[in-house]
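Each chain, letter by letter, is given below.
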Amino acid sequence: VVAAVLCQAGYEVVVIDAGPLGYDKSRCAQAVLEAGPELVGVFVSWATQGGDRVFLETLHQEGVSCPIVAFGVSTRFMHEALGAADYLLEGEPELAFVALCERLLRGSGVPERVVSPAALGVAGYDTQGLLSDLNALPFPAWDPLPVERYPFLSVLSSRGCEERCRWCPYVVAQGRRFRACSPERVVAELREIVRRYHPRRVVFRDPAFAQQRARVEAICQGILAERSLKPGKNLLWECESYPEHLDGALLALMHRAGCVGVKVGLETTDAGVLYREDRVREESDVAGYLNRVVALSQECARLGIACRLFVLVGLPGQTLDSARETAAFVRGLPADSLAVKVFKPYPGIRTKARVPGEDEIRAQSEVLEDVARAIHERPRRQVPRWRRALGRLWGKGRR
């Protein structure tokens, strides 16, 4: 989207994807030099800060002499690691980056090395440096990227999450206020992506796609009403949300609109951890939460939607016994995959208990990875041909 905003402002933009270059820092730096830039922007993140630091240093070593700007919502936590950058742009960068470019390239000056939307006087931001109106952004500029290599294209239709989970880095980056594009804007972006790029799949990268049920219903109805979108044929999509946000009726509508996968963060079945770290409001709510996960996985299986579960190991206060309990729970679900992630105490996260040691985390991982392998080796479920055909007819309104 940063590139799209720059193009709208009349700049010539070159986007370099490190993937096709083998993530080789020297090759990437040479690609930058070959582009002959007047300014270089490097997207950075907390999770990749080691590689980001090395790449920024390599740009200088290879002879890049124009201003180098590091941007991304994690820059506020990474001042030391990004010492090789000339400028650090904090906050969501889409509108602020073009304002910084204008100042640097026109010689009007920047007040400090570390800048924010407020310091640049950019409208459309709140006091945290987060965008107020996502509808004001243009569609992402995919043209400069090798989209034919990608297994999917992504859509970010909302940001922020109103849930209270203490372990989640999403809210550190995007805030606790749910901000969303309108359903009409989302359908228009899908139409544009399908028309121009013919992706194999579209993945919504929203932390809580179904936070607002009415919005999701409107998106699905908009897809079904759009003649150029053919769910199940030229449009297959996946999303991520909380178990509490999804039920049978909504999943059925999403499926008719082309949804083929749902990512759900179970995280753990440990009642103490779920309550202490504010995943549930009361410890007595844990049973209902787990029942919702069971029902969700069963409803996905019935509809032919891939249910992709995620669990965390190394959560504050988590034990090997609770990991075994989680493993036994997941083993009985008709899930299509299980992803095991290690909890990382990102800056801004405020948990209440001690994080387990490395040996304990390794043991927890082994228990849950065994289940992940077992799920992966299950025979794949085949959705009956008559059910797929019926879904297509339903999607066309032929009820």
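Note: the structure precedes this text.
Because the structure is predicted, anything quoted here is derived from the model rather than measured.

A. Here's a closer look at the packing of helix 7 (residues 183-197) against helix 8 (residues 213-225). Across the interface, helix 7 lies against helix 8 with an axial gap of 9 Å and an inter-helix angle of 40 degrees. As summarised for this structure, helix 7 and helix 8 are arranged oblique, according to the angle between their axes. Helix-helix and strand crossings are classified by hand; for helix 7 and helix 8 the assignment is right-handed. Between helix 7, through Pro183, Val186, Val187 and Leu190, and helix 8, the contact on the second element is made entirely by Arg215, Ala218, Ile219, Gly222 and Ile223.

B. Representation of the side chain of Arg292 within the structure. Relative to the assigned elements, Arg292 resides in helix 11 (residues 286-303). We classify Arg292 as buried; its relative accessible area is 18%. Other than its neighbours up to four places away in sequence, Arg292 contacts Pro243, Glu244, Leu246, Asp247 and Glu299.

C. Representation of the pattern of salt bridges. Applying the stated criterion across every chain, the model contains 22 salt bridges. Here Glu244 and Arg279 are joined by a salt bridge, their closest N and O atoms 2.9 Å apart. Taken together, the positions of Glu244 in the loop between strand 9 (237-241) and helix 9 (248-256) and Arg279 in the loop between helix 10 (271-276) and helix 11 put the pair 35 residues apart, joining distant regions of the chain. A relative accessible area of 39% means that Glu244 is categorised as partly exposed. A salt bridge links Arg362 to Asp359, with the shortest nitrogen-to-oxygen separation between them at 2.9 Å. Placement of the pair is Arg362 and Asp359 together in helix 13 (residues 358-376), with a separation of 3 residues, close to one helical turn.

D. Looking closely at unusual backbone geometry. Residue Tyr23 is not a glycine yet carries a positive backbone phi of 55 degrees. Positionally, Tyr23 belongs in the loop between helix 1 (2-8) and helix 2 (25-35).

E. Region of the structure containing the nonpolar core. Residues Trp237 and Met254 are the most contacted members of the largest nonpolar core, which totals 100 residues. Setting aside chain neighbours within four positions, we find Trp237 in contact with Val202, Phe204, Phe209, Cys220, Ile223, Met254, Ala257, Gly258, Cys259, Val260 and Gly261. Of all hydrophobic cores here, the second largest spans 20 residues; its members include Leu56, Leu59, Ile68 and Leu82.

F. Looking closely at the sheet that holds strand 2 (residues 68-71). Here 4 strands make up an open sheet; going across it, the order is 1-2-3-4 and the pairing parallel. Unpaired on one side and paired on the other, strand 1 (40-43) and strand 4 (114-115) mark the two borders of the sheet.

G. Main features of the pairing of strand 9. Within strand 9, 4 of the 5 residues are buried, which leaves the element mostly enclosed by the surrounding structure. Note: strand 8 (residues 202-204) against strand 9, 2 bridges, orientation parallel. When the sheet's bridge partners are listed, Val203 is paired in strand 9 with Glu238. Taking the sense of rotation as the criterion, the β-α-β connection linking strand 8, helix 8 and strand 9 turns out right-handed. One ladder, built from 5 bridges, connects strand 9 with strand 10 (residues 259-267); its direction is parallel. Its bridge partner lying in strand 10, Cys239 is registered against Val262.

H. Summary view of the environment of Gly63. In this fold, Gly63 is placed in the loop between helix 3 (49-61) and strand 2. A sequence separation of 34 residues divides Gly63 from Ala29, and the C-alpha atoms of the two residues are 8.8 Å apart.

I. Structural view of helix 11. Helix length check: helix 11, at 18 residues, gives a terminal C-alpha distance of 26 Å against a target of 26 Å (1.5 Å per residue), a fit within 8%. Residues of helix 11 that are buried include every one of Val286, Tyr289, Leu290, Arg292, Val293, Ala295, Leu296, Ser297, Glu299, Cys300 and Leu303, and no others. Where helix 11 is buried, its residues meet helix 9, strand 10, helix 10, strand 11 (306-313) and helix 12 (320-331). Gly304 lies just past helix 11 and shows a positive phi near 85 degrees.

J. Representation of the packing of aromatic side chains within the structure. Counted according to the given criterion, the structure contains 5 aromatic pairs. Relative to Phe209, the ring of Phe204 lies with its centre 4.7 Å away and its plane at 40 degrees, an arrangement referred to as tilted. We note that Phe204, like Phe209, is buried. With a centroid separation of 5.4 Å and 80 degrees between ring planes, the pair formed by Phe204 and Trp237 is classed as edge-to-face. Taken together, the positions of Phe204 in strand 8 and Trp237 in strand 9 put the pair 33 residues apart, joining distant regions of the chain. For the pair shown, Phe204 and Trp237 are each scored as buried. Each residue in the set Phe43, Phe71 and Phe97 is aromatic and connected to the rest through ring pairs, giving one cluster.

K. Quick peek at the sheet that holds strand 9. Read across the sheet, 6 strands follow the order 5-8-9-10-11-12 without closing on themselves; strand pairing throughout is parallel. Of all strands in the sheet, those bounded by a partner on one side alone are strand 5 (153-155) and strand 12 (337-342). Neighbour-to-neighbour, the strand axes of the sheet open up by a mean angle of 25 degrees, direction not taken into account. Pairing between strand 10 and strand 11: 6 bridges, direction parallel. Looking across to strand 11, one finds that Val264 is bridged to Leu309. The strands touched by helix 13 within the sheet are strand 11 and strand 12, with strand 12 carrying the most contacts at an inclination of about 165 degrees.

Cut-offs used in this document
Residues numbered from 1 in each chain as written. Predicted model: local features only at pLDDT ≥ 70, side-chain atom pairs only at ≥ 80, totals over all residues. Heavy atoms only, no water. Axes fitted to C-alpha atoms, helices over the stretch in contact; angles between N-to-C directions. Helix = DSSP H or I, 4+ residues; strand = E, 2+ residues; numbered from the N terminus. Parallel < 35°, antiparallel > 145°, perpendicular 65-115°, else oblique. Left-handed = near helix turned anticlockwise from the far one by under 90°. Contact = heavy atoms within 4.5 Å. Buried < 20%, exposed > 50% of the residue type's maximum accessible area, 1.4 Å probe, protein only. Salt bridge = Lys/Arg side-chain N within 4 Å of Asp/Glu carboxyl O. Core = buried A, V, L, I, M, F, W, Y, C linked by side-chain atoms within 4.5 Å. Pairing = 2+ DSSP bridges. Right-handed = clockwise from strand over helix to strand, strands pointing away. Expected span 1.5 Å × (residues − 1). Phe/Tyr/Trp six-rings, centres within 6.5 Å; stacked < 30°, edge-to-face > 60°.

Everything listed is a geometric property; what it means functionally is a separate question.
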